[in-house]
Amino acid sequence: MKYSYYPGCTLRTKAKDLDAYARASAKALGFELEEIEDWQCCGGVYPLGTDEIATKLSSVRALNEAKVKGQSLVTLCSACHHVIKRVNDDMKNVEDIRTRANNYMELEEPYAGETEVLHFLEVLRDKVGFDELKKKVTNPLTGKKIGAYYGCLLLRPSSLLAFDDPENPKIIEDFIRAIGAEPVVYPYRNECCGGYISLKEKEMSKTMCEKITDSAEGFGAEMLITACPLCLYNLNKSSGKLPVVYFTELLAEALGVKEEVQKS
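Residues numbered from 1 in each chain as written. Predicted model: local features only at pLDDT ≥ 70, side-chain atom pairs only at ≥ 80, totals over all residues. Heavy atoms only, no water.

*Asks:* Which residues make up the overall build of the protein chain, and what values go with them?
*Replies:* Within the protein chain one finds 12 helices and 8 strands. For the protein chain, the C-alpha radius of gyration of 18 Å lies close to 18 Å, the compact-globule estimate for 264 residues. If you line up the protein chain on its principal axes, its C-alpha atoms span 55 × 45 × 35 Å. Expressed as a percentage of the 264 residues in the protein chain, the buried residues total 54%. Long-range pairs, those at least 24 residues apart, make up 73% of the contacts in the protein chain with a sequence separation of at least 6. With the model as given, the accessible surface of the protein chain reaches about 12,300 Å², and the carbon-plus-sulfur share is 49%. The average position of the 34 basic charges and that of the 40 acidic charges among the side chains of the protein chain differ by 3 Å. (Helix = DSSP H or I, 4+ residues; strand = E, 2+ residues; numbered from the N terminus. Rg over C-alpha atoms; globule rule 2.2 N^0.38 Å. Buried < 20%, exposed > 50% of the residue type's maximum accessible area, 1.4 Å probe, protein only. Contact = heavy atoms within 4.5 Å. Areas by Shrake-Rupley, 256 points an atom, 1.4 Å probe, with all protein chains shown as cover. Lys, Arg positive; Asp, Glu negative; His and termini not counted. Charge placed at Lys NZ, Arg CZ, Asp CG, Glu CD.)

What follows is the structure, encoded as structure tokens:
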């Protein structure tokens, strides 16, 4: 199986590990991430202005390229996934945005939200299957107690993203079980880390992060995993009480390809 792949800016800079471990793991699991050509930054934040078109065009371009190839579009960064999926919904359901975006881009064929947008975790759950993933594990992470940290962007708005139950998600816990570890469920796993306020309101963000890590530690977690580069940065910088790593790193470790990535 081959998927169009949108890496995003952060995976080319601060989050190279998130990308590298995902690519190696995909190969080990038998599917391919085909990076789309000439992708541009998605903007990182979904624009709330109803008349805002310009900042959505890079997402439309990526979505249309996947459509032309007849492939689903896979993302890894929580922010990129959030933006691209919401823009895709706009193109499918908001006539004014769809018309203006298509008029500006002058595509050979108008884009109307045809592309399926998947997060890498959804590929593991819905396309590969966690039972099949478990069969591919060569180095089960037995004995590790891991807390899932979802954050905001994968889960909300829930009716649109349709990623998991926003109040009681389980996809990352199921992933943790599939790689042989023990998931630790704790109250703050789907609460905000302070996200985009971390530069301006550092103390507020630090307090939010400490609540998350204190909660996870109190319920027995030895580490946290996430899919969001900003969450990882905030949690590691503001708290530091528990190690926080990308879920793809543990996936690569469980599949026996982590050392291969580190050597490359």
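*Asks:* Before we move on, could you go through the packing of aromatic side chains and cite the residues and values that matter?
*Replies:* The final tally for this structure, using the stated rule, is 5 aromatic pairs. Between Tyr3 and Phe31, the aromatic rings sit 5.8 Å apart at their centres with planes inclined by 90 degrees, giving edge-to-face as the arrangement. Within this pair, whereas Tyr3 is found in strand E1 (residues 2-6), its partner Phe31 is found in the loop between helix H1 (16-29) and strand E2 (32-35), the two being separated by 28 residues in sequence. Like Tyr3, the residue Phe31 is buried in the burial classification. Pairing Tyr6 with Trp39 gives two aromatic rings, centres 5.5 Å apart and planes at 65 degrees, and the pair type is edge-to-face. Of this pair, Tyr6 sits in strand E1 while Trp39 sits in the loop between E2 and helix H2 (57-69); the two residues are 33 residues apart in sequence, bridging distant segments of the chain. Trp39 matches Tyr6 in its accessibility class, with the two residues each being buried. (Phe/Tyr/Trp six-rings, centres within 6.5 Å; stacked < 30°, edge-to-face > 60°.)

*Asks:* Quick one: what's the story with unusual backbone geometry, residue by residue and with numbers?
*Replies:* The residue after Arg156, namely Pro157, is reached through a cis peptide bond having omega -5 degrees. Even without a glycine there, the phi angle at Asp38 is positive, about 55 degrees. Relative to the helices and strands, Asp38 resides in the loop between E2 and H2. The phi angle at Glu106 is positive, at roughly 50 degrees, despite the residue not being glycine. Tracing the sequence through the fold places Glu106 in the loop between helix H4 (95-105) and strand E4 (117-119). Since its relative accessible area comes to 69%, Glu106 is described here as exposed.

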